[in-house]
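Reading the structure
What follows is the residue order along each chain.
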Amino acid sequence: MSLELSAPTQSEPACADDGVWLECIECGAQWAPFDEIHYTCADCDSLLEVRYAEPPTFDDFEGRGVWRYNAALPFKEGVTLPEGDTPLHEVPDLQEEIGVDSLRVKHEGMNPTGAFKDRGMTVGVAVAKELGVDRLACASTGNTSAALAAYGARGGMETLVLLPSGKVAAGKIAQASLHGARILEVDGNFDSCLDIVQDLANRGEVYLLNSLNPFRLEGQKTIGFEILEKHYEDYGEYPDRIVLPVGNAGNTAALYKAFRELVAGGELDEDQVPTLTGVQAEGAAPMVEAVENGRDEIERWDDVETRATAIRIGNPVNAPKALPGIYNTDGTAVAVSDEQITTAQRQLAEAGIGVEPASAASVAGLRKLREAGEITADESVVCLTTGHLLKDPDAAFEAGGDPEPVPNDTDAVLDHIDDEQSALDAAIQGVSKATDSSLAAALGGLVAAYLGYRKLRSNGE
Ligand code: F0G
């Protein structure tokens, strides 16, 4: 398999522009980065990677956010809001409950538009400007469209987004809409949207800013640099493992590329590279299927479904870059149920970290692998949470408690707070949301029986 963890340093080809070029991950063909537009290899149609004459070192990094890492990016600066520099939260209760040596949560929901996509867009839109294109487009389960709309607006460019009709969370469409993207709702899933936008791009109608565009992943690589730097600063070592949700597998590919570049620069030994662990929803798990069968390729799933709509994807286009990342770091991939995702979303919320469902998949996956003994108690783990709670307010309401109507009067509000019946009603409602339906029915029955018993007693019977 190509894309080994350590690769011999490459000499700069004649097509390079200022030490930067594009290279096919399958046939090795090399292309000038900014003369013409290349999304995939013009010879064999495989994925392209951005390559640099000089690998980065930690000493090269200065400043904050994505552009701190410009020694590992094609430009020194870009259209910025600014992005990156997200928190690496401690979560002591979750760490203890799941049972690992250390657990940190890298909350990418804290980016300007509320998802990691901003890291890719700041670089992608800079490249679009260099190429001189004026109409940007993407297919999206929502977050990419929000980021494209915002960065396109900031860069003064026209934006077009193709979304699967009825399957995009409200917050994301609201962002695309207000930032001025033309929103085209396709009667199909994300994969069909991507097919169409790729056709439009190949016909020269739009500049494609999905993660198939290799420059997007350059920005997303900086998640890996930030995690390594901060973890080292806090613990004097790098994390053993990074667990992340997988949709199109762009982040998995990007993190692996960050590690390979640091290995090439002599900054990281091969055995210091964190194990990459991908998590998908059970209803959309073609990568997990490939990994479970030890395959180098995925088989497209035509029917996908999950509450985590951001990762409702059946054809992860970056799999040829991401699967080597998983295999060459001794990683794995695991599928989790929507219920496990919701439980993890609630637990993160209890730690003050508000995420959308897809993001919680990372924590759900960690728990599942820990329970199965595939992850051991001595590991230091970082879970990536990719998008903010406000992205999907409907999912948050479904997972959280409901408002309680009260009279417009302080004493009545106090009576309500102290009233055991209302407290129990709220508890029943919490129980029925927090558990699967059969357990909720049983618990609801028990609580109802208790209430009946109390009523009988208070009536003196
Ligand atoms: N988490 C969130 C919140 C996402 O929005 C996405 C992808 C992923 C995880 C998966 O990341 O593709 O790098 O494996 N969202 C894309 C979109 C598809 O259109 O917003 P990946």
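What this report covers is the structure whose coordinates are included nearby. (Residues numbered from 1 in each chain as written. Predicted model: local features only at pLDDT ≥ 70, side-chain atom pairs only at ≥ 80, totals over all residues.)

Quick word on unusual backbone geometry
Going from Leu81 to Pro82, the amide bond is cis rather than trans, its omega being -10°. Tracing the backbone shows Pro82 in the loop between strand 3 (48-52) and strand 4 (88-90). Residue Asp18 is not a glycine yet carries a positive backbone phi of 55°. Residue position: Asp18 is located in the segment before strand 1 (20-24). Backbone geometry places Asp85, a non-glycine residue, at a positive phi of 60°. Along the chain, the position of Asp85 falls in the loop between strand 3 and strand 4. Judged by local crowding, Asp85 falls into the partly exposed class, with 15 C-beta atoms found within 10 Å. (Helix = DSSP H or I, 4+ residues; strand = E, 2+ residues; numbered from the N terminus. Buried ≥ 20, exposed ≤ 12 C-beta atoms within 10 Å, placed from the backbone.)

Structural notes on the sheet that holds strand 3
Pairing is antiparallel across the open sheet formed by 3 strands, whose spatial order is 2-1-3. Looking at strand neighbours, the two that pair on one side only are strand 2 (30-31) and strand 3, the edges of this open sheet. Relative to strand 3, strand 1 is paired through 5 bridges, and the arrangement is antiparallel. Within strand 3, the residue paired with Val20 across the bridge is Tyr52. (Pairing = 2+ DSSP bridges.)

Details of the site of the ligand
Near the ligand, the surroundings consist of 21 residues, among which Gly247, Asn248, Gly250, Thr386 and Gly387 are the closest. Within the residue set of the shell around the ligand, elements represented by two or more residues are helix 3 (143-154), helix 7 (250-264) and helix 11 (357-371). A breakdown of the residues in the shell around the ligand according to their chemical character gives 7 nonpolar, 13 polar and 1 charged. (Near = placed C-beta within 6 Å. Nonpolar A, V, L, I, M, F, W, Y, C, P; charged D, E, K, R; others polar.)

Quick look at the pairing of strand 7 (residues 158-164)
Of all the 7 residues making up strand 7, 6 are buried; the element is thus mostly covered by neighbouring parts of the structure. Direction of pairing for strand 6 (residues 135-139) relative to strand 7: parallel, over a ladder of 5 bridges. Bridging from a neighbouring strand, Leu136 pairs with Thr159 of strand 7. The β-α-β motif built from strand 6, the intervening helix 3 and the parallel element strand 7 has right-handed crossover chirality. With 5 bridges connecting them, strand 7 and strand 8 (residues 182-186) associate as parallel partners. Its bridge partner lying in strand 8, Leu162 is registered against Leu184. The parallel pair strand 7 and strand 8 is bridged by helix 4 (residues 170-178), and the resulting crossover is right-handed. (Right-handed = clockwise from strand over helix to strand, strands pointing away.)

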